[in-house]
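Structural overview for review
Each chain, written out:
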Amino acid sequence: MSLLKRIYHIIVLLALVNFFAVVGLIGYLTAVGRLDTEGMAQMVLILRGELPATRPALCLLPRPGATTQPSGTYIFGKKTADETQLLVLERRKCELEDRRRLNQSIRFEIDRKLADFQRQQKAFSLEKEDFYAQIRQQGFEKTLEMLSSVEPEIARDLLMKGEEFEDMDVVRLLMAMDDFRAKKIVNTCQSQDELDWIRKILAQIHNLEKTMRADGTDHLSAPG
């Protein structure tokens, strides 16, 4: 065999070995699911010598069940995102706590002002009651002074027929008068109506004096 024939046979053998190797690789990649249809078509074109203009990379699909390890950039980005989310949550927590404290402070201030208002209202009510008590006392004293200065008959008619005097008013006025002056007014009652009236007033005076002796209070101190 000549040298040229030996070289030719070697070249043909190498070509067949390469061909079967490529075919075996394609079959293996297809069997394990790492080579899709588009990638297989591109490899056929390459074997024919018809190279694509852009020479796209083979689309190797990951094997089923295979796990990919995250890259360092992905891990760093995820860590940064987690830290950012944690900072946002902490800030939100601080804002909620500040709002709670503000609401509590506002509530305390409202309660304090309400308590002050209630104290002022109570003080005003007491002052108003004291004012009207003084007015009533002054009116009582002026009425007593006037009844003590007129004739007994006039005083009787005023007490008996005056619409502004209730029975208890008459009782207090007679009890506050000088005994001699009160007896004169009582003695002027002669008619049946006058006697019935003065009898009712004297009964109330008697009952009131008995009550005063029993409980030791002064029912004339705050005339109504």
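Our subject is the structure that appears above.
Residues numbered from 1 in each chain as written. Predicted model: local features only at pLDDT ≥ 70, side-chain atom pairs only at ≥ 80, totals over all residues. Heavy atoms only, no water.

Looking now at the side chain of Glu194. Its place among the elements puts Glu194 in helix H7 (residues 192-215). On the basis of relative accessible area, Glu194 is assigned to the buried category, the value being 12%. Within the structure, Glu194 has its side chain in polar contact with the backbone nitrogen of Gln190 (distance 2.8 Å). Polar contacts involving the side chain of Glu194 include one to the main-chain amide nitrogen of Ser191, which spans 3.2 Å. (Helix = DSSP H or I, 4+ residues; strand = E, 2+ residues; numbered from the N terminus. Buried < 20%, exposed > 50% of the residue type's maximum accessible area, 1.4 Å probe, protein only. Polar contact = N/O pair within 3.5 Å; in protein donor to acceptor, adjacent residues only side chain to side chain.)

Ranked by internal contacts, the top residues of the largest apolar core, which has 21 residues, are Leu159, Val170, Leu173, Leu174, Met177, Trp197 and Ile201. Where this core is concerned, the elements lending two or more residues are helix H3 (72-149), helix H4 (152-161), helix H5 (167-176), helix H6 (179-187) and H7. Counting residues per element, this core draws most heavily on H7, at six residues. Leave out the neighbours within four places in its chain, and Trp197 touches Arg156, Leu159, Met160, Val170 and Cys189. (Core = buried A, V, L, I, M, F, W, Y, C linked by side-chain atoms within 4.5 Å. Contact = heavy atoms within 4.5 Å.)

This next bit is on the pattern of salt bridges. Tallied over the entire structure, the rule returns 10 salt bridges. In this structure, Arg112 and Glu109 form a salt bridge, with 2.5 Å as the shortest nitrogen-oxygen distance. Of this pair, Arg112 and Glu109 are both found in helix H3, three residues apart, which corresponds to roughly one turn of the helix. For the salt bridge of Lys200 with Asp167, the shortest nitrogen-to-oxygen distance reads 3.3 Å. One end of the pair, Lys200, is in helix H7; the other, Asp167, is in helix H5, with 33 residues separating them in the sequence. The exposure class of Asp167 is partly exposed, given its relative accessible area of 26%. (Salt bridge = Lys/Arg side-chain N within 4 Å of Asp/Glu carboxyl O.)

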